[in-house]
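# Architecture at a glance
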Amino acid sequence: MASRRICLWLLFMIIAQVVGEDTQSMIMSLMVDSKFQCANTTCIPFINVFTSNIMNCQVACLTQSRCRAATFHRSTSNCELFDNILSQNESILADVDATSMNVISGTRFPSVCSLSSQSSWSQNATTIFGSQAGTSGSNLTLLYDPIGMYYDGPNNMLIVADSGNQRILRFSLDNPLSVATVIAGSNGYGCNMNQFQGLYGIGVDSSGQSYVTDFFCNQIVRFPSNSNSTTFGTLLGSIALAASISINQLTNDTYVVSNNDNAVYKFVGGNGPAVVAAGGNGNGNALNQLSGPVGVYYDYLYTNSLYVADSNNNRVLKFPSGSTNATYGTVVAGDNGAGTGANQLNNPRSIIVDSSGTLYIADTYNNRIQRWLQNATSGITIVGGIQGTASDQLYFPETVLFDKYEPTWDKWKQNAITVAGGNGQGQELNQLNGPVGIFIDKKKNIFIADWMNHRIVQWEYNAKEGHIIADRNQMQQLDLPTDVIVDQQNHSIIIADQGNRRVIQYSNQTQQILIDNIDCCGLAMDKYGFLYVSDGKKNEVRRWKMGEYNNEGIVVAGGNGQGNQLNQLNYPTFIFVDENQSIYVSDWNNHRVMKWRKDVKEGKVVVGGNGRGENLNQLWFPRGVFVDHLGQIYVADYGNHRVVRWCEGKEKGEIIVGGNDERNQLKYPRGLSFDDEGNLYVTESFNHRIIKFEIIL
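The rules we used
- Residues numbered from 1 in each chain as written.
- Predicted model: local features only at pLDDT ≥ 70, side-chain atom pairs only at ≥ 80, totals over all residues.
- Heavy atoms only, no water.
- Helix = DSSP H or I, 4+ residues; strand = E, 2+ residues; numbered from the N terminus.
- Contact = heavy atoms within 4.5 Å.
- Areas by Shrake-Rupley, 256 points an atom, 1.4 Å probe, with all protein chains shown as cover.
- Disulfide = S-S within 2.5 Å.
- Buried < 20%, exposed > 50% of the residue type's maximum accessible area, 1.4 Å probe, protein only.
- 1 Å grid on protein atoms, 1.4 Å probe; cavity = no way out; pocket = protein on both sides within 12 Å on 5 of 7 lines; lining within 4 Å.
- Points joined across faces, edges and corners; volume = space filled by probe spheres on them.
- Nonpolar A, V, L, I, M, F, W, Y, C, P; charged D, E, K, R; others polar.
- Pairing = 2+ DSSP bridges.
- Axes fitted to C-alpha atoms, helices over the stretch in contact; angles between N-to-C directions.
- Salt bridge = Lys/Arg side-chain N within 4 Å of Asp/Glu carboxyl O.
- Phe/Tyr/Trp six-rings, centres within 6.5 Å; stacked < 30°, edge-to-face > 60°.
- Lys NZ or Arg CZ within 6 Å of the ring centre and 35° of its normal.

Per an unreviewed UniProt entry, the recorded name for the protein is Apple domain-containing protein, and the organism is Adineta steineri.

Here is the structure:
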């Protein structure tokens, strides 16, 4: 039985239902009676979509980060999206049937960071409607076995299929626990056009009409945008055991799951008759078959694909646009039997897809929401995992969706506090000499690679001086250490001993050489205990399994000689590894930060890459790098005396601290890190200190 509440973990970005936003946020520069065309391949569209009008063609372009221009053909409704037209205005031909458009800077949406593999949510949910204790009811503040949901972005309202009460409710998210409005049903059990018997899915098209699936009445009913409990709908079509529904907002193609027929049907343009879009070849586990499917999602914004929660096969299948009963799908999650393992699902019921193609799945019988990255062989539980009604539990989750993602970006006080050093250049315990890398532990202790003092120093929280952990004069005999990390699980410290061309581990006053003959600079460790080391001379990053260092490691970034190609680096310095083992590398002499996903052959420029400079799309010898839970990338922009923040896929970043002419405030930043409260720590080599910028709460 479904839970009698609806929970909200975080305000997300709109991933579907963006049509209907203020049209001013979608305006592009129009060229009427013209189309893009030229002799070379730069004018070939990277994708073609069919949209009902020119505004929806603009939506399709502005929600694709690759899109720079588009052409809409009125007679065919074909919308061509272009990503690499070098000179749009010189690639135009007259065509009375077409209108071409260029993206205007600042109008693309969403204008914030997309969800990323680093995104995380509070594990304690907030009940936004219904009983916090999970109690059912029939008044307008309670629910009884809710199943389907739809987010109305422009009005910030949620529409819910309140199955046990045979009604569709709508309520505002601006006022949690408010009284809902009935927009359809609430007229008792039945299969008349104002009644429901097995209410299941709810969808809304681009004109605001609601589409409701009735599982036991085997039908889909359409209601006008201004409907209420007295409104009679119209029958769209009959589907045996109709379950979830998904609507392509650009075309109004309507996809409905038939749990009985083991198929997904499509109503082209929101009208009958229905045609098979997936399955329909009997109950089975072949890739052209489904078994008891429940969920469906058509991703018209990013992957242009159909996703099906193939519930009894415990998997999610992906089908290309235009699929039929003859089309074989691709398994994108599960298909390893029913179970609780990271590579398993147990009766998945719904899915949604973000801008990077990542799946979010309501793994119903496991009482959890799973995130599966593209091409992943296992998922990650982002919320839930325990059955119950507590705020950190789920009870047979049916539907997962995102609402409007409007984060409040962190800001920091611009006047820093000195937390280590700051007493001039020197080797006393209250001094530093050209510090480079830092590590902040959970107690806010700062571990510092005190470069020119050839030592590692620990400054406890609020201490006036540090104490030496390792230096040149002890048995460690350090020489110009550049970075330090703390393996908090094994209670040891790992040091990039650059001058001695080695990586050493220090634990209980015992030293062990882990890696020798390496021009090390930056260090990182992932959640699995793998150690990553950047090599400035070989222009590469290598990875070692913890405890297994009697080998050359594995090249995971670069390793193709010095250069500026996507498979090359030019003196890599600091590195960061996220939870998916993607590696972020400060590519010093290329003035960029590269991202290398696990097991890929080349990287991707995520920050800079536009030559050396001080513009917001440039870096000047980047050093420290950090990626937060939202996927925002922070870089110590050494030559520009600033720390910048970028979102992957954006054309420019923003300055969060420094960057002014008062260079005693932030001078040649090298390392950076954050504590658990979000305070920013920066090493200033030339001011011989570590400074802290406090977060503004």
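Right, let's talk about the overall build of the protein for a bit. What the protein contains, in helices and strands, is one helix and 51 strands. A sequence separation of at least 24 residues applies to 52% of the contacts in the protein between residues at least 6 apart. Accessible surface for the protein amounts to roughly 28,100 Å². Of this, 45% is attributable to carbon and sulfur atoms.

This next bit is on the state of the cysteines. A complete count under the given rule lists two disulfides for this structure. The partner cysteine of Cys 57 in its disulfide is Cys 79, sulfur to sulfur 2.0 Å. Disulfide Cys 57-Cys 79: the torsion about the S-S bond is 75°, which places it as right-handed. Of the two residues, Cys 57 is situated in helix 1 (residues 54-62) and Cys 79 in strand 5 (residues 78-82); the sequence distance between them amounts to 22 residues. On the basis of relative accessibility, which here comes to 0%, the residue Cys 79 falls in the buried class. Cys 191 shares a disulfide with Cys 217; S-S distance 2.0 Å. What sets the handedness of the Cys 191 and Cys 217 disulfide is the S-S torsion sign, and at about -90° it is left-handed.

Looking at the second largest pocket, its volume works out to about 1,500 Å³. In this structure, the second largest pocket is lined by 46 residues; those nearest its centre are Phe 439, Met 525, Phe 576, Val 577 and Phe 626. Secondary-structure elements contributing two or more residues to the lining of the second largest pocket are strand 29 (435-440), strand 33 (481-487), strand 37 (520-525), strand 41 (572-577), strand 45 (622-627) and strand 49 (669-674). The leading source of residues in the lining of the second largest pocket is strand 33, at five residues. Residues belonging to the lining of the second largest pocket are distributed by class as follows: 22 nonpolar, eleven polar and 13 charged.

Once that is clear, we can look at the environment of Asn 567. By the secondary structure assignment, Asn 567 is in the loop between strand 40 (554-558) and strand 41. Each C-alpha atom, one on Asn 567 and one on Met 594, is 9.8 Å from the other, the two residues being 27 residues apart in sequence. Once you skip the residues sitting within four places of it in the chain, Asn 567 turns out to touch Gly 558, Asn 560, Trp 596, Lys 601 and Glu 602.

Moving on to the sheet that holds strand 48 (residues 654-658). Spatially, 45-46-47-48 is the arrangement adopted by the four strands of the open sheet, whose pairing is antiparallel. Edge positions in the open sheet fall to strand 45 and strand 48, since each of these has one partner strand only. Within the sheet, the average angular offset between the axes of one strand and its neighbour, ignoring direction, is 25°. Bridge count between strand 47 (residues 642-647) and strand 48: four bridges; the pairing is antiparallel. In the strand pairing of strand 48, Arg 645 is matched with Glu 654.

Here the focus is the pattern of salt bridges. Summed over the entire model, instances satisfying the criterion amount to 22 salt bridges. Ionic pairing is found between Lys 35 and Asp 95, a salt bridge with its closest N-O pair at 3.5 Å. Placement of the pair is Lys 35 in strand 2 (residues 29-36) and Asp 95 in strand 6 (residues 92-102), with a sequence separation of 60 residues. Residue Arg 371 is joined to Glu 579 by a salt bridge in which the shortest nitrogen-to-oxygen separation is 2.6 Å. Separated by 208 residues along the polypeptide, Arg 371 in strand 26 (residues 368-372) and Glu 579 in the loop between strand 41 and strand 42 (583-587) bring together distant segments of the chain. By relative accessible area, Glu 579 is classed as partly exposed at 25%. Three or more residues joined by partner-sharing salt bridges are found here, namely Asp 310, Arg 315 and Asp 335.

Further remarks concern empty space enclosed by the protein. Inspection of every chain in the model, using the stated rule, returns four cavities of 30 Å³ or more. In this model, the second largest cavity occupies a volume close to 410 Å³. In terms of lining residues, the second largest cavity is bounded by 32 residues, among which Met 149, Ile 202, Ile 245, Val 296 and Tyr 297 are the most central. Secondary structure elements with two or more residues in the lining of the second largest cavity: strand 8 (146-152), strand 12 (199-204), strand 16 (242-247), strand 20 (295-299) and strand 24 (348-353).

Cis rather than trans, the peptide bond between Gly 272 and Pro 273 has omega equal to 0°. Mapped onto the fold, Pro 273 is located in the loop between strand 18 (263-267) and strand 19 (275-279). The backbone of Leu 241 sits at a positive phi, close to 50°, despite the residue not being glycine. In this fold, Leu 241 is placed in the loop between strand 15 (234-238) and strand 16. Positive phi, close to 55°, is recorded for His 591, a residue that is not glycine. Within the fold, His 591 resides in the loop between strand 42 and strand 43 (592-596). For His 591, a relative accessible area of 10% corresponds to the buried category.

In this section: the packing of aromatic side chains. For any two aromatic rings, the description comes down to two numbers: the centre-to-centre distance and the angle of the planes. In the structure shown here, the tally under the stated rule is 19 aromatic pairs. Geometrically, the ring pair formed by Phe 129 and Phe 171 is stacked, given 4.2 Å between the ring centres and 10° between the ring planes. One end of the pair, Phe 129, is in strand 7 (residues 126-130); the other, Phe 171, is in strand 10 (residues 167-172), and 42 residues separate them in sequence. Residue Phe 129 is classed as buried on the basis of its relative accessible area, which comes to 0%. What makes Phe 171 buried here is its relative accessible area of 1%. Judged by centre distance (6.5 Å) and plane angle (65°), the ring pair of Phe 439 and Phe 447 falls under edge-to-face. With respect to class, Phe 439 is no different from Phe 447; both count as buried. Grouped by ring-pair contacts, the aromatic residues Trp 412, Phe 576, Tyr 584, Phe 626, Tyr 634 and Phe 674 constitute a single cluster. The ring of Tyr 461 has Lys 444 sitting right over it, with the charged end atom 5.7 Å from the ring centre. Over the ring of Trp 451 we find Arg 670; its NZ or CZ atom is 5.1 Å from the centre of that ring.

Looking at the secondary structure, you find Ile 369 in strand 26. Ile 369 sits in the buried class, given a relative accessible area of 7%. The spatial distance from the C-alpha of Ile 369 to the C-alpha of Ser 350 is 9.8 Å, given a sequence separation of 19 residues.

A few words now on the environment of Pro 45. Tracing the chain through its elements places Pro 45 in the loop between strand 2 and strand 3 (47-50). Residues Pro 45 and Ala 70, spaced 25 residues apart in sequence, show a C-alpha to C-alpha distance of 8.3 Å.

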